[in-house]
Amino acid sequence: MVYLAPPQLASAARPSYGEAYSNVLARHRRSPLTSASSVILLVAPDVDALCAARMLAELLSQDDVMHRIIPVSGIAELEAMKDELATYNELHTLILINMGAILDLPSPTWFGEFSTELTVHVVDSNRPQNLGSLFGGGDIGDRIVVWDDGEAENMEEERRAWEALEAQPDSDEESVSSSEDEVPFQSQDVVSESSRKRKVPIDNGHSKTKRQKVNPNQMSRDERLHHQSVVDKHYARGSWYSQSASATIYILATILERADRDLLWLAILGLTYQYISSRISRDAYDKFHSIYYDEVTRLNPLPPGTKSTADAITALSPDDLSIRATEEFRFTLFRHWTLYDAMFHSSYVAGKLGIWKERGRKRLTGLLAKMGFSIPQTQQLYTHMDLDLKHQLRVKLDAIAPEYGLVELTYPSFIRCFGYRAPPLSAADAVEATSALLDIAGGVRIEVEVEGARHGGEWFGGGRVWKTRRDDSAKAMPSDNDVTQGGREEDGLVAEERTEVPWWMRNFWAAYDALTDIHSLRDALSLSMSLHRAIIRQGTTIIDKQDIRTMRSHRVVVLSQGPDLALFAHPGVLSRLAHWLIDALRDKLPGTKFTQGKKSLPFVLACLNESTSTYIVVGVMGALEFGDVRKNEFGLAFINAKDRCNARSSHNSFNTSVLEIDREDLKMFLEALCEVGEGY
């Protein structure tokens, strides 16, 4: 076995995360060639992976282990990086964060032909996992170490099926699957050459006896089909997400007795990202939230009588960096927006009130009025609202909101104080800001609002075009601290090299740095607000114009024009729009079965990327119940559909339900996808 069990399942025969980390340190200290390229972290561009990479980098730095962090955007980038890694003679430890779980890493296609000195560690929340990486043995298989969350312990049937098929590969299938009339001729292939020369007549019964003598453990055809069906079912049941990568690293820090508030905060951000991006269900979120709640209590003892309500959390001293538990409203960035805007841009409120219609907007205004909030008060920034209104907000919502169907307006979360440097920031707001930096900090033109001049636009001084610090023309995230990881202009050569860095990589480092820079993080909140405005605009337009096409097994939206087309050509932003549509229409659309799973709300969104003449296609499975999550069945369906129609496409993301299709082949692909969904 080459997978690591979590600490509660570890034993002398089954090592856990701590032993693997100790092996990394031992290898590094024994290595005669020690450099920053000896230990390399390949990191996927999502918030959970960023947090895990930041945490692991901190642990490695504490142990004086030089390392490199390399962002990888997708499968194609990983393939190119693999070829480059093969030239690193000093490389002995490679850590894949939120990538690689589905890949057959021991195969020659990936790392099977690398030096025997290399060990590949996989810390990935994506599921399903590749059985070869999990259960493969031998010299190659033992060098692939999967940091599992305990799921592999319950995959005994899959393990037996995979091992049986590996023990007798497909080359033996012909001799097993033949009809009885053909057995005598096949048995002549397995008997000795002398027997063939004597031309001994062989009947059916005799042939079976001879074959059993040659290979008494030969699988029957039914056994092989059964094992193959078990393996196929493992891969065909869809994709989902398990324990976050940041949670895995935090467990490691706990084992090493190095857990602190900074690492705990990053782990909380990773969990919050999974929840608000609909990667995990409410039940899974509550499970880890209870663990982090205990950790917050252990690491942040508060004076007796300290309040931790959503409206009354303040820093206790200039050096207060504590984390507090709180109930978070499902209102988007409500502490930094007006109350009306925060509710208006909430997908949960949108679905219950139908805010894309005039009637829905009147219902929202009526709800606030019934609570005793005047229009001027709801148009004030939340920080400027009367304290009495803030204190009464939760009580009034609990009393009046259920009349409008708003019964799940809060969920348990956390908020962190930053002393004198900045007001407290909630985990949800930090995730929103970091996600916005990852998706649209660069690579697209977007205007953000300037505080104090709402809706003025550039001509009236109310807005400005967002630019990252790495743009030579301007700085978009004004802060007292320079962005690290190459954010300083040291000389002309460095500046020239930086202009060649892809936009997604600049976004990665901007988000990575913001995780520990509260000023950059707070400045990115305005970028997140602009993103939410664009999603509401586009979602409202789609519903008003009835651009949703209903197929038998799923619904399709194609975006080919509009002012925000370049924005939604980013897979992350397009996925957000898909989830907004699902939340908005959940109570208004009947569920369907896309393949063989439970009823859900499968959506396919395609957006034209004019610069490449391709369509970015995203498939999302929405659950019928709010807070529930369905396994995404579009990954395999996309592959089958493009194979049916021979569409020119590329799969560059680690998300299997994201595909790039040639502009001319989109219609053909969507037609093939309908056939797959109906009979798959």
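Just so you know, these numbers come straight off a predicted model, no measurement behind them.

Trainee: Would you mind going over the environment of Val 658 with me for this structure?
Mentor: Structurally, Val 658 can be placed in strand β19 (residues 658-662). For Val 658, a relative accessible area of 7% puts it in the buried group. Spatially, the C-alpha atom of Val 658 lies 6.6 Å from that of Gly 619, the residues being 39 residues apart in sequence. Residues within four places of Val 658 in sequence aside, it is in contact with Pro 571, Ile 616, Val 617, Val 618, Phe 638, His 651 and Ser 653.

Trainee: Is there a simple way to explain the nonpolar core in this structure?
Mentor: When a protein is soluble and globular, its nonpolar side chains tend to lie buried together. The biggest cluster of nonpolar side chains holds 202 residues, and the ones touching the most others in it are Leu 42, Ile 97, Phe 331, Phe 568, Trp 580 and Phe 669. With eleven residues, the top contributor of residues to this core is helix α2 (residues 47-62).

Trainee: Explain unusual backbone geometry to me, please; I cannot follow it from the model alone.
Mentor: A cis amide bond links Arg 127 to the next residue, Pro 128, at an omega of 10°. Within the secondary structure, Pro 128 is located in the loop between β6 (126-127) and α4 (131-135). With a phi angle near 50°, Leu 333 is a residue other than glycine that sits in the positive phi range. As for its placement among the helices and strands, Leu 333 is situated in the loop between β9 (323-329) and α15 (339-344). Despite not being glycine, Asn 646 shows a phi value in the positive range, around 55°. By the element assignment, Asn 646 lies in the loop between α27 (634-645) and β18 (649-650).

Trainee: Honestly, helix α12 (residues 245-255) in this entry has me stumped. Any pointers?
Mentor: Since the α-helix packs 3.6 residues into each turn, any two residues three or four apart lie on the same face. Here α12 lies mainly inside the structure; eight of its eleven residues are buried. Turning to α12, its buried residues number three or more, namely Ala 245, Ser 246, Ala 247, Thr 248, Ile 249, Tyr 250, Leu 252 and Ala 253. With its phi angle positive at about 60°, Glu 257 sits one or two positions after the end of α12.

Trainee: What is the right way to read the packing of aromatic side chains from this model?
Mentor: The description of two aromatic rings rests on the distance between their centres and on the angle between their planes. Summed over the entire model, instances satisfying the criterion amount to 19 aromatic pairs. For the ring pair Phe 334 and Tyr 382, a centre distance of 5.2 Å and an interplane angle of 85° mean the geometry is edge-to-face. Of this pair, Phe 334 sits in the loop between β9 and α15 while Tyr 382 sits in the loop between α18 (375-378) and α19 (387-400), placing them 48 residues apart in sequence. Taking the relative accessible area as the measure of exposure, Tyr 382 reaches 5% and is therefore buried. When the centroid spacing of 5.5 Å and the interplanar angle of 40° are considered together, the rings of Phe 634 and Phe 638 count as tilted. Residue Phe 634 and its partner Phe 638 are both found in helix α27; the two are separated by four residues, about one turn of the helix. When sorted by exposure, Phe 634 lands in the same class as Phe 638, which is buried. Linked through ring pairs, Phe 329, Phe 331, Phe 334 and Tyr 382 together constitute an aromatic cluster. Stacked on the ring of Tyr 348, the Lys or Arg Arg 330 has its end atom at 6.0 Å from the ring centre. The ring centre of Trp 240 lies 4.2 Å from the NZ or CZ of Lys 631, which sits over that ring.

Trainee: How should the pairing of strand β15 (residues 555-559) be read in this particular structure?
Mentor: Note on strand geometry: in a regular strand, side chains alternate between the two faces of the sheet. Here β15 lies mainly inside the structure; four of its five residues are buried. Two strands pair when backbone bridges link them, and strand β14 (residues 549-550) and β15 are joined in this way by two bridges, in the antiparallel orientation. Across the sheet, residue Thr 550 finds its bridge partner in β15, namely Arg 555. The loop that links β14 with its antiparallel partner β15 comprises four residues.

Trainee: Just checking my understanding: could you explain the sheet that holds strand β16 (residues 601-609) for this structure?
Mentor: Here we have six strands laid out as an open sheet, ordered β14-β15-β16-β17-β19-β18, and mixed in their pairing. Each edge of the open sheet is held by one strand with a lone partner, namely β14 and β18. Across two bridges, β18 lies against β19 in antiparallel orientation. Its bridge partner lying in β19, Ser 649 is registered against Ile 661. Against the sheet, helix α26 (residues 571-585) contacts β15, β16, β17 (614-622) and β19, and its axis sits at roughly 40° relative to β17. Along the sheet face, α27 touches β16, β17, β18 and β19 and points at about 140° away from the line of β17.

So, how was this worked out
- Residues numbered from 1 in each chain as written.
- Predicted model: local features only at pLDDT ≥ 70, side-chain atom pairs only at ≥ 80, totals over all residues.
- Heavy atoms only, no water.
- Helix = DSSP H or I, 4+ residues; strand = E, 2+ residues; numbered from the N terminus.
- Buried < 20%, exposed > 50% of the residue type's maximum accessible area, 1.4 Å probe, protein only.
- Contact = heavy atoms within 4.5 Å.
- Core = buried A, V, L, I, M, F, W, Y, C linked by side-chain atoms within 4.5 Å.
- Phe/Tyr/Trp six-rings, centres within 6.5 Å; stacked < 30°, edge-to-face > 60°.
- Lys NZ or Arg CZ within 6 Å of the ring centre and 35° of its normal.
- Pairing = 2+ DSSP bridges.
- Axes fitted to C-alpha atoms, helices over the stretch in contact; angles between N-to-C directions.

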